[in-house]
Amino acid sequence: MENKKRGILERLNAGEVVVGDGGYVLQLERRGYVKAGHWTPEAAVEHPEAVRQLHREFLRAGANVLQTFTFYCSEDKLEISGNVTNITGAQINEAACDLAREVANEGDTLVAGAVSQTPCYLNSQNETEVKAIFKKQMDDFLKKDIDFFIAEFFRYVEEAAWAVEVLKTSGKPVGATLCISPEGDMSGVPPGECAVRLVKAGADIVGVNCHLDPLTCIRTVKLMKEGLEKAGLKAHLMIQPFGFHTPECNLGGYVDLPEYPFALEPRVVTRWDVHKYAREAYNAGIRYIGGCCGFEAYHIRAISEELAAERGFLPPASEKHGLWGAGLQMHTKPWVRARARREYWENLLPASGRPTCPSMAKPDGE
């Protein structure tokens, strides 16, 4: 019981690995609960059972944090989408908090209230108006006493810093992740400087999420770490990347891929890719390691399994998964039994089964 009461900073300050959850928006779109293009989270009110189930899958996979399903839940975004006419942002925020808390209480798991970029920033860059939007969301979360905040999916560090400044007034820990490339944010601010700005705004945890694949995101966080070290600043590092291979992308991220959003499946990272990602992230000094869009429960389980020695345990979902294919030892075919070993899966170059398709695409918008 004592461990359940420990907050995010207590865990990170102790050097523990914190496993984040995975992606909600794309997963729920595929399951029929989110509308593509709008990407708004009214399912927290309309179909709570779907959101609850996804939370529970991430919990079983080993997640130490469940984020509220509140992506794009600012009032301006809901109004522009036109997809939500009879549900308020406050109703969605509060319902999402209740769902995350209900499932988090089933394990040693914290609840993070999440805010994201706003249409208001792109339209006006008005600091007062943008901060008022974040303040309204923050107040919704505080009614439900979430454990900490995450400002995520920001293309511009300026807006992210404004979000951090607002959230920090809550007195709760604040994490901030940008959806940027190693080249920097959409204004050309380098990752190192982005990290410095976020920490000076009050962020306790900084990093990246979404937009680009795991190994590219690690490169970006390394640059953020270097920037903090040069500035003599300290913060915990966090990473929650896109769950698809994006070797062609840079500043624009996955939205520039011609397959986005309805034909990304050939690019899905395998569980073995995620093992490599988790180890490289850990070796880079990152201790908050999760996933964003495209990361399903089996990907989060792969993070938990790769870092089981560091964490001291395996997640419940590993009861149904033989490590490195060990369950295949029972197979009737000898060539399948031969795959029950780590070396096989670590060195496999998976085929796509699509002989007429290119291995990479030309991103749009370039």
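Residues numbered from 1 in each chain as written. Predicted model: local features only at pLDDT ≥ 70, side-chain atom pairs only at ≥ 80, totals over all residues. Heavy atoms only, no water.

Participant: I'd like a rundown of the confidence of the model for the protein chain, residues and numbers included.
Facilitator: For the protein chain, per-residue confidence averages 95 on the pLDDT scale, and 98% of positions sit at 70 or higher. Across the protein chain, the element-wise mean pLDDT spans from 80 in helix α5 (residues 75-81) up to 99 in strand β8 (residues 288-289). (pLDDT = per-residue confidence, 0-100. Helix = DSSP H or I, 4+ residues; strand = E, 2+ residues; numbered from the N terminus.)

Participant: An account of the UniProt feature "binding site: Zn(2+)" (unreviewed entry) in the protein chain is needed here, citing residue identities and associated values.
Facilitator: Residues annotated in UniProt with the feature "binding site: Zn(2+)" (unreviewed entry) correspond here to C210, C292 and C293. Spatially, the listed residues are clustered: although they cover 84 residues, their C-alpha atoms lie within 6.3 Å of one another. Considering the arrangement of structural elements, one finds C210 in the loop between β6 (205-209) and α11 (214-231). The exposure class of C210 is buried, given its relative accessible area of 1%. Once residues within four sequence positions are removed from consideration, C210 is found in contact with F153, C217, Q240, P241, F242, Y254, C292 and C293. Within the secondary structure, C292 sits in the loop between β8 and α13 (297-306). The class of C292 is buried, set by a relative accessible area of 12%. Sequence-distant contacts of C292, that is, excluding residues within four places in its chain, are made with G22, G23, N209, C210, Q240 and P241. (UniProt positions renumbered as here; feature names shortened; annotations may be inferred. Buried < 20%, exposed > 50% of the residue type's maximum accessible area, 1.4 Å probe, protein only. Contact = heavy atoms within 4.5 Å.)

Participant: Please give an account of the UniProt feature "domain: Hcy-binding" (unreviewed entry) in the protein chain that cites residues and values.
Facilitator: Summarizing the sequence annotation, UniProt attributes the feature "domain: Hcy-binding" (unreviewed entry) to residues 6-307 in the numbering used throughout. In residues 6-307, helix accounts for 46% and strand for 12%; the two terminal C-alpha atoms are 20 Å from one another.

Participant: Provide a residue-level description of the environment of V199, including the pertinent values.
Facilitator: Mapping V199 onto the fold places it in helix α10 (residues 191-201). The class for V199 is buried, based on a relative accessible area of 14%. Dropping the residues within four chain positions of it, V199 is found in contact with V206, L228, L233, K234 and A235.

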